[in-house]
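Coordinate inspection notes
As a plain string of letters, each chain reads:
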Amino acid sequence: RPDSFPPVLCKTLAALHDKVPPDSEAHVRATLREYLGGRSLEEVFSRFDFQPIGAGCIAQVHFAILRPLDSPRQSHPETGLDQERDRSATAQQRVMITGGEEDVTSRTVAVKVKRAHVDTTVARDLALMRMCAAILSWLPAWTGVQYLGLPAAAAHFSAHLHSQLDL
């Protein structure tokens, strides 16, 4: 919010949001293997770029090409899974595959992989933020803190961040 904070602070905080080093290839492979019901990336994708096209504080996005629909190594056009129930609930919350341009033999997709431990870290940080907001709201009226509505602001921020975590 450049309208509320100094530009230097906004620039620093933006770097925390946008310029995050990518998760390891091992994390990406393990997360996708779980999402794909135990299948390897090579079974589902004819190409998968481990260097993400974008990495943020919650997830990173990779370019990939699904194997051709007529390929014997792939049974489901989106993920290579025979049935949706093959995926664990946790894996469904950590990966999102969205389509791009289609041609006759393959499909270009973006694969969004949530960062390792991001859910736990965010839950802890939000609990701390809500606790601090509650404590500050108990300060005497002469401080003016009650007018800031910190508990409501913390709840609003928490809801917004949870929507970002939902892939």
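Residues numbered from 1 in each chain as written. Predicted model: local features only at pLDDT ≥ 70, side-chain atom pairs only at ≥ 80, totals over all residues. Heavy atoms only, no water.

Points about the overall build of the chain
Summing up its helical and strand segments, the chain has six helices and five strands in all. Mapped in sequence order, the helices and strands of the chain form the string α-α-α-β-β-β-α-β-β-α-α. By the burial criterion, 31% of the 167 residues in the chain qualify as buried. Contacts spanning at least 24 positions in sequence make up 58% of the contacts within the chain whose residues lie at least 6 apart. Put simply, the chain shows about 10,500 Å² of open surface, and 61% of that area lies on carbon and sulfur atoms. (Helix = DSSP H or I, 4+ residues; strand = E, 2+ residues; numbered from the N terminus. Buried < 20%, exposed > 50% of the residue type's maximum accessible area, 1.4 Å probe, protein only. Contact = heavy atoms within 4.5 Å. Areas by Shrake-Rupley, 256 points an atom, 1.4 Å probe, with all protein chains shown as cover.)

Things to note about the nonpolar core
Formed by 15 residues in total, the largest nonpolar core has its most connected members in Leu-32, Phe-45, Phe-48, Ile-97, Val-109 and Val-111. Within the residue set of this core, elements represented by two or more residues are helix H2 (25-35), helix H3 (41-44), strand E1 (45-48), strand E3 (59-66), strand E4 (95-102) and strand E5 (107-114). Ala-59, Val-118, Val-122 and Leu-165 belong to the second-largest nonpolar core, a separate cluster that totals seven residues. (Core = buried A, V, L, I, M, F, W, Y, C linked by side-chain atoms within 4.5 Å.)

Details of the side chain of Thr-31
On the secondary structure map, Thr-31 appears in helix H2. A polar side-chain atom of Thr-31 sits 2.8 Å from the main-chain carbonyl oxygen of His-27. (Polar contact = N/O pair within 3.5 Å; in protein donor to acceptor, adjacent residues only side chain to side chain.)

Here's the deal with H2
For H2, every residue scored as buried is listed here: His-27, Val-28, Thr-31, Leu-32 and Tyr-35. Buried residues in H2, looked at end-on, bunch into an arc of 120 degrees, giving them a common side. Looking one or two places after H2, you find Gly-37, whose phi comes out positive at around 70 degrees. (Arc of directions from axis to C-beta.)

Observations regarding the confidence of the model for the chain
In this model, the chain carries an average pLDDT of 78, and 72% of its residues clear a pLDDT of 70 or more. By mean pLDDT, the top-scoring element of the chain is H2 (93), and the lowest-scoring one is helix H4 (residues 89-94) (54). Scored below 50 in pLDDT, residues 71-89 makes 37 contacts in the model with residues more than four places away or belonging to other chains. (pLDDT = per-residue confidence, 0-100.)

Re the pairing of E3
The buried fraction of E3 amounts to six of the eight residues, a majority that puts the element mostly inside the structure. When E1 meets E3, the two strands line up antiparallel, connected through three bridges. Considered in E3, the bridge of Phe-48 is made with Ala-64. Pairing geometry for strand E2 (residues 54-55) and E3, over two bridges, is antiparallel. Residue pairing for E3: Ala-55 is matched across the bridge by Gln-60. Hairpin connection from E2 to E3: three residues lie between these consecutive antiparallel strands. Bridging between E3 and E5 involves eight bridges; their strand directions are antiparallel. Looking across to E5, one finds that Phe-63 is bridged to Ala-110. (Pairing = 2+ DSSP bridges.)

Overview of the packing of aromatic side chains
Enumeration according to the criterion identifies two aromatic pairs in this entry. Ring geometry for Phe-45 versus Phe-48: centroids 5.4 Å apart, planes at 55 degrees, classification tilted. The exposure classification of Phe-45 matches that of Phe-48, with both residues buried. (Phe/Tyr/Trp six-rings, centres within 6.5 Å; stacked < 30°, edge-to-face > 60°.)

Regarding a nonpolar patch on the surface
Together, Leu-128, Met-131, Ile-135 and Trp-138 make up an exposed nonpolar region whose accessible area comes to about 470 Å². Position of Met-131 relative to the elements: it lies in helix H5 (residues 118-137). Residue classification places Met-131 among the partly exposed positions, given a relative accessible area of 45%. (Patch = residues over 30% accessible without salt bridge, like charges linked within 9 Å, V, L, I, M, F, W, Y side chains within 5 Å. Salt bridge = Lys/Arg side-chain N within 4 Å of Asp/Glu carboxyl O.)

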